[in-house]
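Below are the chains, spelled out letter by letter.
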Amino acid sequence: MSLMKRKGLLAFISLFVLTLVLAACGGNGDEEKQAGTDTGKEDNTETVSVDIGMLKLTSSAPLFIAIEKGFFEEEGIDANEVWFDAAQPIAVATTSGDVDVGATGITASLYNMVAGGEELLIVADKGREQKGYSSTAFLVPNDSDVEKIEELKGKRIGITQTGSTYHYMAGRVLEEHGLSVKDVELVPLNSIPGLMESLESKQVDAVLLNEPNISVAVDEGYGKVITQIGDEIDYQTSGIFFSKKFAENEDAAKRFLKAYIRATNYYYDAVLVKEGDEVVPGENYDEVIEIIAKYTDQEPDLIKKGLPYMDRDGKLLASDIQTQVDWYAKENLIDEAIDVNDIVNTELLEEALQSLE
């Protein structure tokens with residue numbers, strides 16, 4: 001074989017081997033890219049540990065779902081549940097950075113913390129009063145002559161605490177009917193069991209109760225509903241809060257909210273969809289009830305009586321935050337005026353939502 005032919009053969013062999021190597025590398029890259037897609041996050045996404053302060057309440061259902069269904073994990077969020085026994089300590093822990101995310105009620109004490117210089121952001125819905133859904137209601141004893149709000153003038157009304165969501169709801173609904181808190185006696189009873197016991201023993205003339213406690217009082221025959229709060233006012237009862245430090249990590253914050261939106265979709269489609277005026281169980285109804293039961297230690301039948309409304313995409317009713325601040329300030333329940341723009345952030349959730357479309 002001539003020298004020229006040998007060189008040509010060697011060049012051909014080298015080119016053939018190089019082609020095989022490049023093809024193999026390209027194939028592995030495609031497989032790795034596909035594997036990254038299957039996990040729901042990019043291969044280079046850093047896993048972030050997120051401590052979530054919450055209560056064992058049904059309104060925390062989207063958080064439970066996001067954990068159980070792996071939505072947080074798919075977004076590179078290592079979610080750690082931090083359990084609390086009351087709402088206020090969650091807000092305190094969020095402002096101090098002891099937890100990254102808080103999930104609880106929006107109260108006068110929260111606004112006072114902000115007025116005092118503490119920092120957090122309300123970023124998403126975690127439960128609201130909505131027309132056509134049973135969440136919170138005014139109840140009177142079953143044998144009471146009171147049938148409408150106007151007839152509560154001069155009566156004793158049980159609430160949980162001064163400055164609580166129950167205080168706010170009582171005041172706002174009274175005003176919708178031409179009354180004010182000055183026209184009644186508000187009686188702080190400190191707890192839901194205290195409200196139920198006082199209603200049953202008739203120590204008060206009316207109380208506010210949430211589900212499933214409304215259904216319990218009605219089914220046991222000692223209470224009757226005179227109005228649902230959601231039929232009277234729009235009210236953002238509770239929310240998802242971000243600590244200042246966590247909100248500044250916008251990538252992690254948006255990934256958290258992407259998982260949360262997927263979970264609120266899952267929750268809404270399972271338990272809140274209506275046909276006409278009636279809520280009908282969705283495809284994943286039983287699964288969602290089981291998840292809630294696991295995290296709240298409640299019986300499934302009790303959970304089914306009280307599934308709180310929330311926006312399908314977790315959107316905050318931001319305009320209501322200003323309404324709340326104004327009302328609490330009018331009632332001298334907030335020490336100083338605050339700018340709601342300092343505590344409300346809807347942009348993070350909107351951007352997370354857009355990335356899911």
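Residues numbered from 1 in each chain as written. Predicted model: local features only at pLDDT ≥ 70, side-chain atom pairs only at ≥ 80, totals over all residues. Heavy atoms only, no water.

A. Structural context of the side chain of Thr-95. Relative to the assigned elements, Thr-95 resides in helix H4 (residues 87-96). Note on Thr-95: relative accessible area 16%, which makes it buried. (Helix = DSSP H or I, 4+ residues; strand = E, 2+ residues; numbered from the N terminus. Buried < 20%, exposed > 50% of the residue type's maximum accessible area, 1.4 Å probe, protein only.)

B. View of the nonpolar core. Counting residues in hydrophobic clusters, the biggest one holds 60 residues, and the most contacted among them are Phe-138 and Leu-209. Sequence-distant contacts of Leu-209, defined by excluding residues within four places in its chain, comprise Ser-135, Thr-136, Ala-137, Leu-139, Tyr-166, Ile-192, Leu-195, Met-196, Leu-199, Ile-214 and Ala-217. In this structure, Ala-263, Tyr-268, Ala-270 and Tyr-285 belong to the second largest nonpolar core, which totals 52 residues. (Core = buried A, V, L, I, M, F, W, Y, C linked by side-chain atoms within 4.5 Å. Contact = heavy atoms within 4.5 Å.)

C. Up close: the layout of surface pockets. Put simply, the largest pocket is a space of about 1200 Å³. Contributing to the lining of the largest pocket are 48 residues, with Leu-55, Leu-57, Tyr-166, Ile-192 and Asn-210 lying nearest its centre. At the level of secondary structure, the elements contributing two or more residues to the lining of the largest pocket comprise H4, strand S3 (101-105), helix H5 (108-115), strand S5 (128-129), helix H6 (165-176), helix H7 (192-201) and strand S12 (238-243). Here the residues of the lining of the largest pocket are counted per class, giving 17 nonpolar, 25 polar and six charged. When its volume is computed, the second largest pocket comes out at roughly 180 Å³. In terms of lining residues, the second largest pocket is bounded by 13 residues, among which Val-271, Val-279, Lys-304, Lys-305 and Leu-307 are the most central. (1 Å grid on protein atoms, 1.4 Å probe; cavity = no way out; pocket = protein on both sides within 12 Å on 5 of 7 lines; lining within 4 Å. Points joined across faces, edges and corners; volume = space filled by probe spheres on them. Nonpolar A, V, L, I, M, F, W, Y, C, P; charged D, E, K, R; others polar.)

D. Looking closely at the sheet that holds strand S4 (residues 120-125). What the five strands build is an open sheet, ordered S2-S1-S3-S12-S4; its pairing is mixed. Because the sheet does not close on itself, it has two edges, and the strands there are strand S2 (77-83) and S4. With strand direction ignored, the average angle separating the axes of adjacent strands in the sheet is 30 degrees. Bridge analysis of strand S1 (residues 48-54) against S2 gives seven bridges, and the strand direction is parallel. (Pairing = 2+ DSSP bridges. Axes fitted to C-alpha atoms, helices over the stretch in contact; angles between N-to-C directions.)

E. Main features of unusual backbone geometry. In this chain, Glu-211 is followed by Pro-212 through a cis amide linkage whose omega measures 5 degrees. Among the secondary structure elements, Pro-212 is positioned in the loop between strand S9 (206-210) and helix H8 (213-219). Even without being a glycine, Asn-190 presents a positive backbone phi close to 75 degrees. Note that Asn-190 resides in the loop between strand S8 (185-188) and H7.

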